[in-house]
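Understanding the architecture of this molecule
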Amino acid sequence: MVSDNAPPVRFRELLPRPGAGEADPATAYAYPDLLERPWIRANMVASADGGAVGPSGGSRDLSSAADRRLLGTLRGLCDVLLVGARTARSEGYRALRARRAWEPLRRGRPPAPPTAVVSRSLDLPEGLLEAAPEGQRTIVLTVAGAPAERLARVRRHADVVVVEGLSVGPEHIVDALGERGLYRVLTEGGPHLLAEFVSAGLLDELCLTTSPHLLGSGSSRVVAGGPGTPGAPERASVRCRPVRLAGLLESDGTLFARYVRDPGDT
């Protein structure tokens, strides 16, 4: 988590205006105006050789002061933070708390965004449920076959969306968040959840931090899902989805790219 007292971090704009000098992340990463449906933005970090998981078993090994600053800005801009249960557990997620730096970003909205978490087993960190501030209840998306005892516990602390079938799909997530007026969506993964949105053609934007580190072989990618796992289509249906490089910032050797979906990709 980024502290309000963190030292200043400066970003240099490389694209779309080369040589423009210092960039304001809140401006560079502003959501589109007049959204007609939830805009799904993913924020992920990878090493220079494509790895997404460091020696600690999470992404923190690849992070930096600039990456944490941008992460805080993206959270301040969004209406809801979306995360998969596995990532919530491994990264120790807690309900977000208001920060002074977010005040100009959140005028007319709650002081901090709620978290939406996707889970079939409902094995969720207590910090996402019982620690959520009043008026900022966590949204839990699960399936009808979820464990009944856990479901009863989760209902006491969170707003629950139950869908039919074996898993919660991207369409379910988009519909549930849209019904709540949560259009500016930020997902931080994990890789399997991101794979589902890519496969469904519902990922609108990928914010990719490239960390100046090498991890070598064995590290997973920012998108993951082997045969038979959710989000992993049959080989015959795999397609290359075009994206456009909409922006590129740099800070102390770390690159921050923003890719948006090609309007022609339907």
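Note that the coordinates shown come from a computational prediction; the quantities given were computed from them, not determined experimentally.

**Here we look at the overall build of the protein**
When you go through the protein residue by residue, the secondary structure sums to seven helices and eleven strands. Whereas a compact globule of 266 residues would reach a radius of gyration of roughly 18 Å, the protein reaches 18 Å, a difference of no more than 12%. Considering the protein as a whole, with its 266 residues, one finds that 47% of them fall into the buried category. For the protein, the proportion of contacts with a sequence separation of at least 24, taken over those separated by at least 6, is 73%.

**Structural notes on the packing of helix 6 (residues 170-179) against helix 7 (residues 191-200)**
Contact geometry of helix 6 with helix 7 gives a least axis separation of 9 Å together with a crossing angle of 90 degrees. As summarised for this structure, helix 6 and helix 7 are arranged roughly perpendicular, according to the angle between their axes. Side by side, helix 6 and helix 7 meet where P170, E171, I173 and V174 of the first sit next to L193, E196, F197 and A200 of the second. Among the residues making up the contact of helix 6 with helix 7, the classes are represented as six nonpolar, no polar and two charged.

**So, the confidence of the model for the protein**
Confidence along the protein averages 89 in pLDDT terms, with 90% of residues attaining 70 or more. The weakest mean pLDDT in the protein belongs to helix 4 (residues 126-129) at 89; the strongest belongs to strand 8 (residues 184-187) at 98.

**Thoughts on the sheet that holds strand 2 (residues 21-23)**
One open sheet holds the eleven strands; their spatial order is 2-1-10-11-9-3-8-4-5-6-7, and the pairing between them is mixed. Edge strands, defined here as strands with exactly one partner in the open sheet, are strand 2 and strand 7 (158-163). The mean angle between the axes of side-by-side strands here comes to 30 degrees, regardless of whether they run parallel or antiparallel. In this structure, strand 9 (residues 205-211) lies alongside strand 11 (residues 254-261), joined through six bridges in antiparallel fashion. Bridge pairing in strand 11 places C207 opposite R258. Along the sheet, helix 2 (residues 65-77) contacts strand 1 (11-15), strand 3 (39-47), strand 4 (80-84), strand 8, strand 9, strand 10 (243-251) and strand 11; its crossing angle with strand 3, the most-contacted strand, is approximately 170 degrees.

**Quick notes on the pairing of strand 10**
As paired elements, strand 1 and strand 10 share three bridges and run antiparallel to each other. Bridging from a neighbouring strand, E13 pairs with L249 of strand 10. With eight bridges joining them, strand 10 and strand 11 adopt antiparallel strand pairing. From the neighbouring strand, E250 faces strand 11, where its bridge partner is L255.

**Regarding the side chain of E13**
Topologically, E13 is positioned in strand 1. Residue E13 is classed as buried on the basis of its relative accessible area of 8%. One polar contact links E13 to R17, side chain to side chain, over a distance of 2.9 Å. For E13, the contacting residues outside a window of four places in its chain are P18, G19, A20, G21, A23, L248 and L249.

**Focus: the pattern of salt bridges**
As enumerated under the stated definition, the model contains twelve salt bridges in all. A salt bridge links E205 to R41, with the shortest nitrogen-to-oxygen separation between them at 3.0 Å. Placement of E205 in strand 9 and of R41 in strand 3 is noted, with a sequence separation of 164 residues between them. Each of the two residues, E205 as well as R41, counts as buried. Close ionic contact of D79 with R109 constitutes a salt bridge, the shortest N to O distance being 2.6 Å. Of this pair, D79 sits in the loop between helix 2 and strand 4 while R109 sits in the loop between helix 3 (85-90) and strand 5 (115-118); the two residues are 30 residues apart in sequence, bridging distant segments of the chain. No difference in accessibility class separates D79 from R109, as the two residues are buried.

**Structural notes on the layout of surface pockets**
Space inside the largest pocket adds up to approximately 1400 Å³. At the level of elements, strand 3, helix 2, helix 3 and helix 7 are the ones that each hand at least two residues to the lining of the largest pocket. At five residues, the largest contribution of residues to the lining of the largest pocket is made by helix 3.

**So, the nonpolar core**
Ranked by internal contacts, the top residues of the largest apolar core, which has 36 residues, are Y29, L124, V140 and V154. Here this core gets four residues from one element, more than from any other, and that element is helix 2. Non-local contacts of V140, meaning those with residues more than four positions away in its chain, are made with V117, L122, L124, L129, V154, A158, D159, V160 and V161. If you look at the next biggest cluster of nonpolar residues, it comprises 28 residues, including A42, A52, V168 and F197.

Conventions adopted
Residues numbered from 1 in each chain as written. Predicted model: local features only at pLDDT ≥ 70, side-chain atom pairs only at ≥ 80, totals over all residues. Heavy atoms only, no water. Helix = DSSP H or I, 4+ residues; strand = E, 2+ residues; numbered from the N terminus. Rg over C-alpha atoms; globule rule 2.2 N^0.38 Å. Buried < 20%, exposed > 50% of the residue type's maximum accessible area, 1.4 Å probe, protein only. Contact = heavy atoms within 4.5 Å. Axes fitted to C-alpha atoms, helices over the stretch in contact; angles between N-to-C directions. Parallel < 35°, antiparallel > 145°, perpendicular 65-115°, else oblique. Nonpolar A, V, L, I, M, F, W, Y, C, P; charged D, E, K, R; others polar. pLDDT = per-residue confidence, 0-100. Pairing = 2+ DSSP bridges. Polar contact = N/O pair within 3.5 Å; in protein donor to acceptor, adjacent residues only side chain to side chain. Salt bridge = Lys/Arg side-chain N within 4 Å of Asp/Glu carboxyl O. 1 Å grid on protein atoms, 1.4 Å probe; cavity = no way out; pocket = protein on both sides within 12 Å on 5 of 7 lines; lining within 4 Å. Points joined across faces, edges and corners; volume = space filled by probe spheres on them. Core = buried A, V, L, I, M, F, W, Y, C linked by side-chain atoms within 4.5 Å.

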